[in-house]
Amino acid sequence: LVARVPTLNDANTYREARRLFVEELGGVDRLRCELMSTGYLSEDLQLTTGTSPMNVFARIASGNMPHPTVELEDGFLICRNRPENDEHWDSK
């Protein structure tokens, strides 16, 4: 996907990435298999919250990883990035 749509930052490139994903790359079923084979999705189709592989946002949402800047707003968790990560958000 990255080779075919190297920059994904507007409606047209998102539309093309979605088309490729659905029509040529196996769609949701393939994504589910990939996430399960890499350990990010459990057999019961839940995001894993362990440390290997590390899914920071799933860990924060589950309460397995405390995060000082998480707020509850209308039933949603808002996770802010660490300041040092925000400084370099657009670097390679």
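As the structure is a prediction and not an experimental result, all values here were calculated from the model.

1. A few points about the side chain of Arg59
(1) Moving on: Turning to its location among the elements, Arg59 is positioned in helix α3 (residues 56-62).
(2) Moving on: One buried charged residue, Arg59, remains without a salt bridge, the closest side chain of opposite sign being Asp44 at 15 Å.
(3) Moving on: When sequence neighbours within four positions are dropped, the list of residues in contact with Arg59 reads Thr49, Gly50, Thr51, Met54, Asn64 and Met65.

2. Structural notes on the pattern of salt bridges
(1) Moving on: Applying the stated rule across the entire model yields six salt bridges.
(2) Moving on: Between Arg19 and Glu23 there is a salt bridge, and its shortest N-O distance comes to 3.0 Å. Highlighted residues: Arg19 and Glu23, both in helix α1 (residues 11-23), separated by four residues, approximately one helical turn.
(3) Moving on: By relative accessible area, which is 29% here, Arg19 ends up partly exposed.
(4) Moving on: When the shortest N-O distance is used, the salt bridge between Glu24 and Arg19 registers 3.4 Å.

3. Observations concerning the environment of Val56
(1) Moving on: When you line up the elements, Val56 lands in helix α3.
(2) Moving on: Overall, the relative accessible area of 33% leaves Val56 in the partly exposed class.

4. Thoughts on the environment of Leu77
(1) Moving on: For Leu77, the location among the structural elements is in strand β2 (residues 76-78).
(2) Moving on: You can call Leu77 partly exposed: its relative accessible area is 37%.
(3) Moving on: In this structure the C-alpha to C-alpha distance between Leu77 and Asn55, which are 22 residues apart in sequence, comes to 15 Å.

Conventions adopted
- Residues numbered from 1 in each chain as written.
- Predicted model: local features only at pLDDT ≥ 70, side-chain atom pairs only at ≥ 80, totals over all residues.
- Heavy atoms only, no water.
- Helix = DSSP H or I, 4+ residues; strand = E, 2+ residues; numbered from the N terminus.
- Buried < 20%, exposed > 50% of the residue type's maximum accessible area, 1.4 Å probe, protein only.
- Lys, Arg positive; Asp, Glu negative; His and termini not counted.
- Salt bridge = Lys/Arg side-chain N within 4 Å of Asp/Glu carboxyl O.
- Contact = heavy atoms within 4.5 Å.

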